[in-house]
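Each chain is listed here by its residues.
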Amino acid sequence: MAGVRVDNVSKSFFDFKTHAELKIIDNVSFDVKDKEFVSILGVSGCGKSTLLYMIGGHERPTHGTISFSDVKDSKAHLTNTVFQEASLFPWRKVIDNVIFGPEITGGNKKELRTKAMEFINLVGLSGFESAYPSHLSGGMKQRVAIARALMNNPEVLLMDEPFASVDAQTRMIMQEQLLRIHQKSEKTTLFVTHNIDEAIFLADRLMILSARPAKVKEIIEVNIGKPRTWDLRSSKEFVDIYGRVLKSLREELERAGLFH
Amino acid sequence: MKPSKLVSGAWYLIPFILILVIWEAVTTFSLLPPDIFPPLTTTFASFVSLVAEGTLVGSLIATVERVIASLLIAIPLGVVVGLLMGWKGSIFRFLILIFTVVFAIPKLAFYGILLFFFGVSDTSIVLIASLSAFFGVLFPAIASARSVDSTLMKVAKDYDAGDMQIFFKVLIPNAVSGIASGVKLALTLAYIEVVTAEMFRAAPGGVGLGWLMQLYAIYDQPGAVMAVLLVLLAFGGVVVFAADYAEGKLSMWRK
Ligand SMILES: Nc1ncnc2c1ncn2[C@@H]1O[C@H](COP(=O)(O)OP(=O)(O)OP(=O)(O)O)[C@@H](O)[C@H]1O
Ligand SMILES: [Mg+2]
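Criteria and cut-off values
Residues numbered from 1 in each chain as written. Chains lettered and ligands numbered in written order. Predicted model: local features only at pLDDT ≥ 70, side-chain atom pairs only at ≥ 80, totals over all residues. Heavy atoms only, no water. Patch = residues over 30% accessible without salt bridge, like charges linked within 9 Å, V, L, I, M, F, W, Y side chains within 5 Å. Areas by Shrake-Rupley, 256 points an atom, 1.4 Å probe, with all protein chains shown as cover. Salt bridge = Lys/Arg side-chain N within 4 Å of Asp/Glu carboxyl O. Helix = DSSP H or I, 4+ residues; strand = E, 2+ residues; numbered from the N terminus. Near = heavy atom within 4 Å. Polar contact = N/O pair within 3.5 Å; in protein donor to acceptor, adjacent residues only side chain to side chain. Nonpolar A, V, L, I, M, F, W, Y, C, P; charged D, E, K, R; others polar. 1 Å grid on protein atoms, 1.4 Å probe; cavity = no way out; pocket = protein on both sides within 12 Å on 5 of 7 lines; lining within 4 Å. Points joined across faces, edges and corners; volume = space filled by probe spheres on them. Domains from an automatic or database assignment. Core = buried A, V, L, I, M, F, W, Y, C linked by side-chain atoms within 4.5 Å. Buried < 20%, exposed > 50% of the residue type's maximum accessible area, 1.4 Å probe, protein only.

Draft legend 1. Structural view of a nonpolar patch on the surface. Residue and element names in this part refer to chain B. A cluster of nonpolar side chains, namely I73, L77, I113, F116, F117, F118 and L127, defines an oily patch on the protein surface of about 750 Å² accessible area. Looking at the nonpolar patch, the elements that each hand over two or more residues are α3 (55-87) and α5 (111-118). Looking at the nonpolar patch, the element that brings in the most residues is α5, giving four residues. Tracing the backbone shows L77 in helix α3.

Following this line, the structure appears as C-alpha cells:
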C-alpha cells in the first residue's frame, strides 16, 4: 500500500486534425493517502482515463511528476489497472487470465491456480474458471479483470469504470464486495466512475474534474463511517453530497456547451 | 448426416465427376489422340503398375518428406521473423526491402546458386522450398503482430511483462489463429516449390513426384504422367484438409 502524489501534472496530445497541441489535463495536483479510496468523477472525455494511465505508467505526463510514498514492499507491484474496455486475453481461460500477473513474475502455475480460485469466488464467478472469455458477458469479463488485478496484489489499485458494463443488480453486489475488499486489504484505490451514487458509496474522498482540459474542480470528503451498508443512501450526509456532486457536474456539462 | 446436408455436400464433388465424365467422353469419341490424352482406363492401368513397381510410392514419400522438412524450417522462421517485424519498427525497416525484392522474383532463380553449393540434393530442394514457404507465413505474421489489441499490450505491461514474455505470452498465442491462413499458404507454396524443383533438374535419388512426371513426359508415357498428376492432386487435397483441421484445433478459444 502506498500514497500517490500527483504534482502539477499536465498532458497534451498532438491533434492531427488541427495540427496543434490539444491540452487534456491542465496542471492537476492532488494527494491520495495510503489506504485511501478516492473516486474520480468528470464529464465524458474530460481526461479521467488519461489521468489513470499516467498514474499507472502507461502514459507520460507532458509536465509535472507523479510519485508514490510509503511503498511498503519494494518488490510488490506499484499499480495495477482494471481497464475501461475489454482486457482479457481471449486465448486464456478465466483462471489463466487471473494468474497472469504472478505468472509473469515467475510463480508456480499449479499453486497459483489454487490461489486464484479465492479471487474467482470473491467476484462471484466460481464455476466459470475454465470458461474462455468469449463465453462470458461483458460484466463477467470485467469481474475477471478485477480478480486478476487483486490477485497481483498491487500497492495501488486503479479502476477505470470497472462496473460500467455490469447490470444494476450485480453492480450493487460488486460495490458492496469492493467496499469489503477495500476494508480488509486497505489497498489504496483510485476509482473512476460516472455513477455518482457508486462514487459516494465507496469513497473516502471524491474528486471532481472539470470538462476538458481537466483541472481539479472540487474535492469532497465523504464523512460517513465504515463499514457502510446499502441503506446509508437515504442518510442526510449521503443526499447532501449527492446534491453537491450533481450540481458540480451539471455546471461542467453546461460549460462544455452540452445543454442548450 | 441429414439428407439435405448430403445434397449440399454433393456440390463439392460434382466438378470432379464432371471432369471424369468429360475425360471419358473425350477419349471415347477420340476427340484428342490417345497418345496425347490417355483414356481413364490407360491412366488407371499405369497407376496400378506404377504402384506395383514401387516407384510411385517411393516418389510420393520423397516429395512429402521434402515438403515437411521445408515447412519445419519455414513456418517457425517465418512466424518469428514476421512477428518481430510487425512488433518492432526498426526490425521491419531493416528487413522489408530485401524481403519485398526476394518475394517478387521466382524463387527458382535462386535454385541455380543452391545447386552450385549443394548439388542436386535434398538440401537444395528443401532450402528453395523453405524460402518460398517462408513468405507464406511472413506477411500474415507481420499483420498479426500489428493487429494485437493495444489494450492487451497495456495489460501485459501493466503486469510488468518484459519483451520475451510479451513475445511468448501475447504475440505468439495471438498469432495462432491469425496466421492459420498463412500456414496453409506456406504448405501450398512448399509443395509447389518442391515439385517444381524436382522437375527442374534430376531429383536426388531419382525419386520425387515432379521428377517422375518429367521422366514419363520425356519417355512419352501420357498414361503415367496422368497417374502422377492424380497423385499430386490427391496429396494436395490431403494437405488442405489437414491444414483446416489443424486450424480448428488450434483456435478452440474462439466461439
Ligand atoms: N492517444 C491519444 N491521442 C490523442 N488524443 C487522445 C489520446 N487519448 C485520449 N485522447 C483524447 O483525450 C481526451 C480525454 O480522453 P479520456 O479517455 O482520458 O477521457 P475520459 O474522461 O476517460 O472519458 P470517458 O468518461 O468517456 O471514458 C479525449 O478527448 C480523447 O479524444
Ligand atoms: Mg475513460
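Draft legend 2. Focus on the pattern of salt bridges. All names here are of chain A. Per the stated rule, a full pass over the model turns up 22 salt bridges over all chains. The shortest N-O distance in the salt bridge between E252 and K217 comes to 3.6 Å. Taken together, the residues span a long stretch of sequence, with E252 in helix α8 (residues 236-255) and K217 in strand β9 (residues 216-221) at a distance of 35 residues. For the salt bridge of R244 with E218, the shortest nitrogen-to-oxygen distance reads 3.3 Å. Remark: E218 occurs in strand β9 and R244 occurs in helix α8; sequence separation between them is 26 residues.

Draft legend 3. Quick peek at the site of ligand 1. Residue and element names in this part refer to chain A. What surrounds ligand 1 is a group of 13 residues, the closest being S44, K48, S49, T50 and R212. In the model, an oxygen atom of ligand 1 is placed 2.7 Å from a nitrogen or oxygen of the S49 side chain. Interatomic distance of 2.8 Å between a side-chain N/O atom of H194 and an oxygen atom of ligand 1. A total of 630 Å² of accessible area belongs to ligand 1 in isolation, and the protein chains cover 65% of it. It is helix α1 (residues 48-55) that contributes the most residues to the shell around ligand 1, three residues altogether. Grouping the amino acids of the shell around ligand 1 by side-chain chemistry returns three nonpolar, seven polar and three charged.

Draft legend 4. Local environment of the layout of surface pockets. All names here are of chain B. Counted as a void, the largest pocket has a volume near 490 Å³. Forming the boundary of the largest pocket are 17 residues, of which F16, I19, L230, L233 and A234 lie nearest the centre. Of the residues in the lining of the largest pocket, the class split is 15 nonpolar, two polar and no charged. There are two domains that each give the lining of the largest pocket at least three residues, and those are domain 1 (1-31) and domain 2 (38-254).

Draft legend 5. Examining the nonpolar core more closely. V98(A), I146(A), L206(A), V245(A), L83(B), V170(B) and L171(B) are the most contacted members of the largest nonpolar core, which has 72 residues in total. Among the elements that make up this core, the one with the highest residue count is helix α5 (residues 138-151) of chain A (eight residues). Core analysis: the second largest hydrophobic core is formed by 45 residues, L95(B), I128(B), A224(B) and F235(B) among them.

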